[in-house]
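Read off the chains here:
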Amino acid sequence: MLTHRGLPRGTLVLLMFALALFILTASKLNNGIVLRPESMIQDWLHGQNPEEHSVGNQKCKDPSLDFLRSLDLSLTETFTFSRRCVKPIITPNLQRASITNISGPFFTHETETSLSSCPSTVLPPCDTLPLSVPAPYPVQQYPHLLFGVASTYERIESSLPAFTHWLSDTSAHLIIVISDFSRLPPHLTLESLETQYRSHGIHATIIPPSIAHPLPRKTETAFQTSRRLSSPAPVEQLHFLLVSDLLQHATPRTQWLGILDDDTFFPSLYPLSESLSRYPHAEPLYLGAPSDNWNSLAAYGHQAFGGAGIFISLPLARALAPNLRSCAYESASTTGDSLLGDCVGSRTAAKLTVLPGLNQHDLHGDASGWFEGDPNPLLSIHHWKSWYRAPAVSMAGVAKVCGACLLRRYRFQGDDTVWVNGYSVSRYSEGVLDKLDLDKMEGTWEGAGDGEGGGYELGYGTLRERLGEEGDGSGSGRRKRWKLVDARIDEDIKKFRQIYVWKDSENEKKGRKGKDGVVEIIWDV
Ligand SMILES: *[C@@H]1O[C@H](CO)[C@@H](O)[C@H](O)[C@H]1NC(C)=O
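As the structure is a computational prediction, the values presented were derived from the model and not from experiment. (Residues numbered from 1 in each chain as written. Predicted model: local features only at pLDDT ≥ 70, side-chain atom pairs only at ≥ 80, totals over all residues. Heavy atoms only, no water.)

J.: Please explain the overall build of the protein as it appears in this structure.
T.: When you go through the protein residue by residue, the secondary structure sums to 18 helices and 19 strands. The burial tally for the protein puts 51% of its 525 residues in the buried class. Just so you have it, the protein exposes about 24,000 Å², and 54% of that area is on carbon and sulfur atoms. (Helix = DSSP H or I, 4+ residues; strand = E, 2+ residues; numbered from the N terminus. Buried < 20%, exposed > 50% of the residue type's maximum accessible area, 1.4 Å probe, protein only. Areas by Shrake-Rupley, 256 points an atom, 1.4 Å probe, with all protein chains shown as cover.)

Okay, here's the thing in structure tokens:
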């Protein structure tokens, strides 16, 4: 047996040092776990060890502050902080309300705090908010869904977190056609991209385009013909040709071919699959959504728009496949969705069946009026990282806690605050909220206020006027709005955290010292 006397003094010191280091590292791993946003849902789904992320040199007294520090939100030196702790009461047959009244205020405490004084800061208690919510969606497999996307290598690579959210471990199959395959540098291979996707639990098959050059068109001139033969196939045609690419990967279990854009996002596959199941997949069906904007409809026609998601049954795909090239040859259209719509119209008897809840989202700028306007049903969103911005993956995180609770609205009678789950918390000035018709969507996006509503009534009914907001520089702010910026699960303590932030941009723009606001909603899971 060894006694410490049996060891040289140097070894003992070294051993103690190693022990101290071990304890330090272990405690940091236990308490300081913070996930990177893009890997959150992934880690959550797979129970993988989250990556460690530096949270500064000293731990805060309160885990909420440690969490905030890890997010890099560029908050002002001091900011206001409020939080509520949601106790979800799973209520399986919860009746759906456009808005749910809750007595009492949302803001039970509001403190000023700072991350730099973090170790000594003590936050007020997190008051419990019992909340009746729908049950989480059942976990199931979707081998009857076969999706297809045509896009560039780079866009597909950067879309991995979004695809992971809704496709991981679902058995749904995704076929990806890499449009710039012929121009890729040697180190970017389809195999490595496919491996990345598969390592995130996505059943993906990544393939090169089925055509090297654009398909010929009846109307092309000799000059266009010669130019065509030296050009790569355009994404639009590859999008259209997905019909035959998908057909080749169909199995006896396949029911629906979903033709998507690379930024089509489903908060969850469950409601989509439920909606599709109401239609007979053994018949030639063409399901989808037209644009929500009249101008887009006028320009492209009454057809299914790929951004919302287009679903065609196998019988329809089989009827279309032998005709795709002749359709492209004859069609006056060049966009993929129009090529498909024209081909369905000219070669089959199928008509567009609108699947409610699919959203093309031809909305530019601020789409908050839509997200806060109780969109229902909600199957897909689109353009969330281009025409407008919304943190889709973070937003949809709560759908894993309580299914159809995403974007549900709660009105707190005590302080005229409306919480839109997964999107925003808005506190209205006195008397403002009572005068608003919350059943109408607020026309916040570009063009929504033009003329009769900018051509959006067809999609969204009559819109209400945009309301000024604190910090928007209009000087007529009649509400203060905290918007969701991040949401993560903390597996260790079984909490799901949503962070909503209000930026004091008005003061910042004027070079004054501003004071941002943070609202944290912590869910028991
Ligand atoms: C909720 O509260 C508002 C305003 O106080 C009221 O007009 C509305 O009827 C209430 N809704 C329900 C379902 O109780």
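J.: How should the sheet that holds strand β7 (residues 203–207) be read in this particular structure?
T.: Note: strands within a sheet are paired through backbone hydrogen bonds, in either parallel or antiparallel orientation. If you walk across this open sheet you meet the seven strands as β7-β6-β5-β8-β10-β9-β11, and the pairing is mixed. The sheet is open, and its two borders are formed by β7 and β11 (352–354), each paired with just one other strand. Neighbouring strand axes in the sheet, compared pairwise and without regard to direction, differ in orientation by 25° on average. Where helix α5 (residues 160–167) meets the sheet, its contacts fall on β5 (145–151), β6 (173–178) and β8 (256–260), and the angle it forms with β5 comes to roughly 175°. Running over the sheet, helix α8 (residues 235–249) touches β5, β6, β7, β8 and β10 (310–313) and is turned about 150° from β5. (Pairing = 2+ DSSP bridges. Axes fitted to C-alpha atoms, helices over the stretch in contact; angles between N-to-C directions. Contact = heavy atoms within 4.5 Å.)

J.: I'm lost on the pattern of salt bridges in this one. Help?
T.: Charged atoms that come close allow side chains of opposite charge to pair. Throughout the structure, instances matching the rule amount to 24 salt bridges. In this structure, Glu520 and Arg497 form a salt bridge, with 2.7 Å as the shortest nitrogen-oxygen distance. Residue Glu520 is located in strand β19 (residues 516–524), and its partner Arg497 is located in strand β18 (residues 495–502); the two are separated by 23 residues in the primary sequence. When sorted by exposure, Glu520 lands in the same class as Arg497, which is buried. Among the ionic contacts, a cluster of salt bridges with common partners joins Asp366, Glu372, Glu442, Arg464, Arg466, Glu469, Arg479 and Arg481. (Salt bridge = Lys/Arg side-chain N within 4 Å of Asp/Glu carboxyl O.)

J.: What is the right way to look at the site of the ligand in this model?
T.: Taken together, Asn101, Arg411 and Gln413 form the complete shell of residues around the ligand. Residue Asn101 places a side-chain N or O atom 2.5 Å away from an oxygen atom belonging to the ligand. Between the ligand and Gln413, the relevant distance is 3.0 Å, taken from an oxygen atom to a side-chain nitrogen or oxygen of the residue. Relative to its unbound accessible surface of 360 Å², the ligand loses 32% to contact with the protein. (Near = heavy atom within 4 Å. Polar contact = N/O pair within 3.5 Å; in protein donor to acceptor, adjacent residues only side chain to side chain.)

J.: What am I meant to see in the nonpolar core here?
T.: Soluble, globular proteins show a tendency: their nonpolar side chains are buried together. Judged by nonpolar contacts, the single largest core of 93 residues is most densely connected at Phe147, Tyr197, Trp370, Phe371, Trp419 and Trp523. Considering every element that reaches this core, the biggest residue donor is α5, with five residues. Residues Leu146, Leu215, Leu257 and Cys327 belong to the second largest nonpolar core, which totals 33 residues. (Core = buried A, V, L, I, M, F, W, Y, C linked by side-chain atoms within 4.5 Å.)

J.: Please explain helix α9 (residues 269–276) as it appears in this structure.
T.: Helical geometry: 3.6 residues make up each α-helical turn, so side chains three or four residues apart lie on a common side. Burial within α9 is extensive, with seven of its eight residues counted as buried. Against the buried residues of α9 lie β5, α5, β8, β9 (286–288) and β10. With a side-chain oxygen lying 3.2 Å from the backbone nitrogen of Tyr270, the N-terminal cap of α9 falls on Ser268.

J.: I tried to follow unusual backbone geometry on my own but got confused; where do I start?
T.: Glycine aside, the phi torsion of most residues is negative, and most peptide linkages are trans. The step from Asn376 to Pro377 runs through a cis peptide bond, and the omega angle for that step is -5°. Counting through the fold element by element, Pro377 comes out in the loop between α14 (368–371) and α15 (392–396). The backbone of Asp72 shows a phi angle near 55°, a positive value even though the residue is not glycine. Residue position: Asp72 is located in the loop between α3 (63–71) and β1 (78–90). Backbone geometry places Ser74, a non-glycine residue, at a positive phi of 50°. Positionally, Ser74 belongs in the loop between α3 and β1.

J.: Can you walk me through the state of the cysteines in this structure?
T.: A covalent bond between the sulfur atoms of two cysteines is what we call a disulfide. Enumeration over the complete set of coordinates arrives at four disulfides. The side chain of Cys85 participates in a disulfide bridge whose partner is Cys126; the two sulfur atoms lie 2.1 Å from each other. Where Cys85 bonds to Cys126 through sulfur, the torsion about that S-S bond is close to 115°, and the disulfide is right-handed. One end of the pair, Cys85, is in strand β1; the other, Cys126, is in the loop between β3 (111–114) and β4 (127–133), and 41 residues separate them in sequence. (Disulfide = S-S within 2.5 Å.)

J.: What's the story with the pairing of β1 in this structure? I'm lost.
T.: Each regular strand shows side chains that alternate between the opposite faces of the sheet. In this structure, β1 lies alongside β3, joined through four bridges in antiparallel fashion. Looking at β3, one finds that Phe81 is bridged to Thr111. Taken together, the eight bridges between β1 and β19 define a ladder with parallel strand orientation. Looking at the pairing, Thr80 lines up with Gly517 of β19.

J.: Even after reading the chapter, I still don't get the confidence of the model for the protein, so can you show me in this structure?
T.: As a note on interpretation, predicted positions should not be read in detail where pLDDT is low. Of all residues in the protein, 88% have pLDDT values of 70 or greater, and the mean over the chain is 88. In the model, residues 1–8 has pLDDT below 50 throughout and makes three contacts with residues more than four positions away in sequence or in other chains. pLDDT under 50 marks residues 11–55. Its contacts with residues more than four places away, or in other chains, come to 63 contacts. (pLDDT = per-residue confidence, 0-100.)

J.: Quick question: what am I supposed to make of the packing of α8 against helix α13 (residues 336–347) here?
T.: Working note: a packed helix pair is described by the angle between its axes plus the distance between those axes. Running from N to C, α8 and α13 point in directions that differ by 40°, and their axes come no closer than 7 Å. In terms of axis orientation, α8 runs oblique to α13. For the element pair α8 and α13, the recorded crossing hand is right-handed. Where α8 abuts α13, its residues Glu236, Gln237, His239, Phe240 and Val243 lie against Gly336, Asp337, Leu339, Leu340 and Cys343. Tallied by class, the residues present in the contact of α8 with α13 amount to five nonpolar, three polar and two charged. (Parallel < 35°, antiparallel > 145°, perpendicular 65-115°, else oblique. Left-handed = near helix turned anticlockwise from the far one by under 90°. Nonpolar A, V, L, I, M, F, W, Y, C, P; charged D, E, K, R; others polar.)

J.: Explain the packing of aromatic side chains here, please?
T.: How two aromatic rings sit relative to each other is given by the distance of their centres and the angle of their planes. Per the stated rule, a full pass over the model turns up 20 aromatic pairs. Seen from their ring centres, Trp419 and Trp523 are 5.9 Å apart, and the 55° between their planes marks the pair as tilted. Pair noted here: Trp419 is in strand β13 (residues 417–420) and Trp523 is in strand β19, with a separation of 104 residues, a long-range link. For the pair Trp419 and Trp523, a shared accessibility class is recorded, and that class is buried. Connected via pairs of aromatic rings, a cluster forms that spans Phe147, Phe163, Trp166, Tyr197, Phe266 and Phe311. Over the aromatic face of Phe107 sits the side chain of Arg427, whose NZ or CZ is 4.4 Å from the ring centroid. (Phe/Tyr/Trp six-rings, centres within 6.5 Å; stacked < 30°, edge-to-face > 60°. Lys NZ or Arg CZ within 6 Å of the ring centre and 35° of its normal.)

J.: Could you clarify how one ought to interpret α5 in this entry?
T.: Along α5, seven of the eight residues are buried, which leaves the element largely enclosed by surrounding structure. Listed as buried for α5 are Leu160, Ala162, Phe163, Thr164, His165, Trp166 and Leu167.

J.: How do you make sense of the side chain of His361 when you look at a structure like this?
T.: As for its position among the elements, His361 is in the loop between β11 and α14. Within polar-contact distance, the side chain of His361 engages the side chain of Tyr388 at 2.7 Å. In contact with His361, not counting residues within four places along its chain, are Asp292, Trp370, Phe371, Ile381, His382, His383, Trp387, Tyr388 and Tyr460.

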